[in-house]
Every structure is written in C-alpha cells, then in structure tokens.
Amino acid sequence: MNKALVFLADGTEEIEAVTVIDTLRRAKWDVTSVGLWRGSIKASRGVVLTPDEVLDSCRVDGFDVLVIPGGRRGVDALCADERVLEAVRRHVEAGKLTAALCAGPLVLQKAGILRGRTVTSHPSVAREISAARHVDQRVVLDGNILTSQGPGTSLDFALAIVAEVEGATRADALA
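Bear in mind the structure is a predicted one, so any value in this text is a computation, not a measurement. (Residues numbered from 1 in each chain as written. Predicted model: local features only at pLDDT ≥ 70, side-chain atom pairs only at ≥ 80, totals over all residues. Heavy atoms only, no water.)

Looking at the pattern of salt bridges
- As enumerated under the stated definition, the model contains 12 salt bridges in all.
- Asp81 serves as the salt-bridge partner of Arg83, at 2.6 Å between the closest nitrogen and oxygen.
- Residue Arg83 is classed as partly exposed on the basis of its relative accessible area of 25%.
- Across the pair Glu166 and Arg170 runs a salt bridge whose closest N-O atoms are separated by 3.2 Å. (Salt bridge = Lys/Arg side-chain N within 4 Å of Asp/Glu carboxyl O. Buried < 20%, exposed > 50% of the residue type's maximum accessible area, 1.4 Å probe, protein only.)

Structural data, given as structure tokens:
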C-alpha cells in the first residue's frame, strides 16, 4: 500500500490539504496528516483540521510521498521548522516523490532542493522562487519534485501524484 504524509500547520489552505487527503484515500492509499504540534490547526479560511499525528512522533522516512499544501501562513510555519526542512531534504535525497502546491514550493526552496529544477506555484509567490525555473503551468513534474498552482489545481495535483506512483491508467480510473 502506498503511503503519503501531508503536512498541516495553522494557515494551511484547506482545499489543498483536504483534496489531496481525500483523493489519495479514495485511491486506497495510507494517508497520514501530520501537525507541527499537538492539537488541531486552524486553516486559512477558519476550518479546523485535526492532524492524525504530531511531527515529533511520526517516522517521516516511512512514507513514499511527502505533500506540502499551500496557504501562506501555513507555508511560513513549515519554512520556519527545521524538522520539516530536514524531512524534505532526506525524502528528496532518497529519490522519493515530494509534492508541493500553491506557496508550498517555498518550503522546497528553503530546504535547498530546488537548484536546477523547473516548478510552478501560486502566481502570488512566483517571484519569490529564485532557486528554480518557474513556469506558468497547472502541474509540473521535474524528477521527483511535483508542484502545482493552488486551490483550483488541487484535484489535478492529487491525480498527478497517483499517476506518478501508480501510472496514468490508475489516475484516469480514479478521476
């Protein structure tokens, strides 16, 4: 069974987080949402989400895919947390799929893993991405880095995760 970890922090964009979690669970994946601290988080539009686990008690290396939803305040919290940055570095170095959408690619940049890559993001943060070539596309795959633009591309993004791991036929059937 494929395993995905979705990071959650106060200010996470709820459409992005919930769409990815829901889509991957419909694909019969083992999906774990993880918070930086114990307790619920308040997402960008006030929706309260309760992570499945807390980062300190989660074995991040055991996942096939790491997902970083956007939402600027949530992304800022993830960028400021060295545990998240180190988990991203280890995951990418292991050749595993790392996926970020909206402002989420800023976490990848902060972790230092975007050099020489092509990515996309929400237009509001495109100019902040200096370590990679930025393109205006809904979803971009560059090696083991998958990026997407935002809430409106969340389902495309989630299906692209499935396609990358299980193939386009499986993603099309799920869609």
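Details of the sheet that holds strand S7 (residues 97-101)
- Reading across the sheet, the seven strands line up as S5-S2-S1-S6-S7-S11-S10 and stay open at both edges, with mixed pairing between neighbours. For this open sheet the edge positions go to strand S5 (53-54) and strand S10 (139-142), each flanked by a neighbour on one side alone.
- Two elements, S7 and strand S11 (residues 145-148), share four bridges in a ladder whose sense is parallel. Paired with Ala99 across the strands is Leu146, a residue of S11.
- Of the strands in this sheet, strand S1 (3-8), strand S6 (65-68), S7 and S11 touch helix H3 (residues 82-93), which is tilted by about 140 degrees from S6. (Pairing = 2+ DSSP bridges. Helix = DSSP H or I, 4+ residues; strand = E, 2+ residues; numbered from the N terminus. Contact = heavy atoms within 4.5 Å. Axes fitted to C-alpha atoms, helices over the stretch in contact; angles between N-to-C directions.)

Description of helix H1 (residues 14-26)
- In this model, H1 (13 residues) spans 18 Å end to end at C-alpha, consistent with the 18 Å of a helix rising 1.5 Å per residue.
- Of the positions making up H1, those classed as buried are Glu14, Glu16, Ala17, Thr19, Val20, Ile21, Thr23 and Leu24.
- The N-capping residue of H1, defined by a side-chain oxygen 3.0 Å from the backbone nitrogen of Ile15, is Glu13.
- After H1 finishes, the residue Lys28 shows a positive phi value of roughly 70 degrees. (Expected span 1.5 Å × (residues − 1). Polar contact = N/O pair within 3.5 Å; in protein donor to acceptor, adjacent residues only side chain to side chain.)

Describing unusual backbone geometry
- Positive phi, normally seen in glycine, also occurs at Lys28, with a value near 70 degrees.
- Inspection of the secondary structure assignment puts Lys28 in the loop between H1 and strand S2 (30-35).
- Accessibility expressed as a relative area gives 61% for Lys28, which makes it exposed.

Notes on the environment of Gln149
- Within the secondary structure, Gln149 sits in the loop between S11 and helix H5 (154-166).
- A C-alpha to C-alpha distance of 24 Å links Gln149 and Leu36, two positions 113 residues apart in sequence.
- Residues within four places of Gln149 in sequence aside, it is in contact with Cys102, Thr120, Ser121, His122, Asp136, Gln137 and Arg138.

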